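Summary of structural features
These are the residues of each chain, in order.
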Amino acid sequence: MERVEKLQIKDIRFGKIDAHNELQDLGEDFYIESFLVYDKYKIDSFLSGENCFICGNKGTGKTAFLKYLECKLSKEPVNLIIPVRFKSQLDGMDKKDMRNMANNIKEDIIEDVNIGKETSYVMIWQVYLINQILKNANQGEYCLFEETNEFRTLSKLLKILYSKEVGGIVPRHVKGGVKVNIKLLRDFDISLKTEIEFDIKTENISFNKTAKVILELFTKLTYAVNPVYVLIDELELSVKNKKEFSRDVELVRDLIVAVDRMNHIAREKNYKIRFIASLRSEVINHVLASGYEINKCVEDYGVTVDWFQKGGSYKDSPLLKLIENKIHASEKELNCSRTEDVWKTYFAPEINNTEVRRYILSYSWYRPRDIIRMMKMVQDQLENEEIISQEMFDKAMQKYSERTWNEISEELRLSYDEKDIQAIKKFFTGIEVPFTFQYLNKIAEELGEIYDYVHSFFEKNKMVDFLEKMFDWGVIGNSGQRMIFKFLGDRDLSITGDMILHRPLRNLFAVISRDRL
């Protein structure tokens, strides 16, 4: 391939919004080359087993981190990598089966917390994870454990439970009993059959009792050779309705506890097994708000990722380094000379009288997802430009504003229904910035006289509570000598101070800017 001096703008690969899609579409080599090894990931601590939870807001790169680990670890054939995608791999039937099974399990979820009467999925998750390890090891001919009596018994019990499994988390069951092939029980002695409560008339065994035997046997194994990395992603909550939301809170809560317990077993028994899970901050908060104490294990073994850096030059932002990495990886793939300064080579120096790098950051929530989305949409505006120009940015901002609001709206559904979200959008449309608390109350009153759904929204939602939530989601902040936003590391909104809508949303809401802003 002939070497070229500079890429055409259309040939730059800025990646995908979803890391899973980027890896599939662009390939492993490009993915690893363009990935930013960010200090806050603390990669070595996850490989050593010191940490097991990667935490952060939506779009902060948790999936990207897990996919990078998957790529790097798979370079060593000795490693067994097991990806588990909570949202993709669990359908409604799986969740229903898990609830039915969990209702028959009596177990304290967390030590010193008496919630034994609650539905417990912890044991179900633990058995599922053990089964995933052994199933994947057998498929790939990995040697994880020595062929002891405990290992053979454990393997047979898992085969009995999951022999009729069709992609599910739990085996088919009726009231906690699992119908089995009695031929598979021939080698078991009477004491074990009694322990798992085998009923010869119904040909059923108790999942609860069998699961406890499996967990006990798992702690008695002798580890052999191959390291195992179980990478768990997409721990999200359903926003379809409150019932499904509450169920998912329990599922995620107990999966977090199961991961913690399995890692403790691995450490105590010197098993070469690492369970690593990504957790969205809002999911953690909802679990905690539901009264469940997972904070100890998350704090002790979790790393929180954010991308805003206080102090220093904005030009040193890791988000800008991410853009540089994407361009350099594109240059390498297309046999182009490596550009020392991508900003001078590929970008106009200023966008709307603002230095281009500062402009890009100011239109983000300081997340990799925003940066990639913005650059892809800007690139879509390409005509005959030799560089990424102001005109390209100007054309892209309306669509970028719409897409980011759609994503925020998904999060709002955790607290509001469709009519509420419609009212919020109407409330912000045509608003003047900066605005005051008194001004917003006036707007709510005026719109409420015209639109019933706006009136209804503010009848059931206090303005203060509503604004606090909008601050938490990065929709609004305070103006002044220094902007105050949640994503900039600020904790509180000043209700009495001047407030503003975040810049990326102003195109969508046709915001009117006052002269003093």
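Residue positions within a chain follow its written sequence, with the count starting from 1. Residue-level local features of this predicted model are given only where pLDDT is at least 70; pairs of side-chain atoms are given and counted only at 80 or more, and the full residue set underlies all totals for whole chains, interfaces and linings. Here the side-chain values reflect all heavy atoms present in the structure, with hydrogen atoms and water set aside.

1. Observations regarding the pairing of strand S5 (residues 228-235)
- Note on exposure labels: buried denotes an accessible area under 20% of the residue type's maximum, exposed denotes more than 50%, and partly exposed covers the range between, all computed with a 1.4 Å probe on protein chains only. What counts as a helix is a DSSP run of H or I of at least four residues, what counts as a strand is a run of E of at least two, and both are numbered from the N terminus. Counting buried positions over the eight residues of S5 gives eight, a clear majority of the element.
- Note on pairing: two strands pair once DSSP finds at least 2 bridges between them. Where strand S2 (residues 80-85) lies against S5, six bridges are found, and the strand directions are parallel. Bridged to Leu-80 within S5 is Val-228.
- Across six bridges, S5 lies against strand S6 (residues 273-280) in parallel orientation. Bridge pairing in S6 links Leu-235 to Leu-279.

2. Overview of the pattern of salt bridges
- By convention in these notes, a salt bridge is any Lys or Arg side-chain nitrogen within 4 Å of a carboxyl oxygen on Asp or Glu. Applying the stated rule across the entire model yields 29 salt bridges.
- In this structure, the salt-bridge partner of Arg-369 is Glu-407, at a minimum N-O distance of 3.4 Å. Placement of the pair is Arg-369 in helix H17 (residues 368-379) and Glu-407 in helix H18 (residues 390-412), with a sequence separation of 38 residues.
- Given the relative accessible area of 18%, Arg-369 is considered buried.
- For Glu-407, a relative accessible area of 10% gives the class buried.
- Residues participating in the shared-partner salt-bridge network are Lys-58, Arg-280, Glu-282, Glu-410 and Glu-411.

3. Things to note about the nonpolar core
- Take the buried residues of types Ala, Val, Leu, Ile, Met, Phe, Trp, Tyr and Cys, join any two whose side-chain atoms come within 4.5 Å, and each joined set is a nonpolar core. Core analysis: the largest hydrophobic core is formed by 100 residues, its most contacted members being Phe-347, Ile-360, Phe-393, Phe-427, Phe-428, Phe-466 and Ile-476.
- Of the residues forming this core, the biggest block, eight residues, is contributed by H18.
- Once you skip the residues sitting within four places of it in the chain, Phe-466 turns out to touch Tyr-416, Ile-424, Phe-427, Phe-428, Phe-457 and Phe-458.
- Ranked by size, the runner-up nonpolar core spans 80 residues in total, among them Phe-188, Ile-205, Ile-256 and Ile-265. Working rule for contacts: check all heavy atoms of both residues, and any pair within 4.5 Å makes them a contact.

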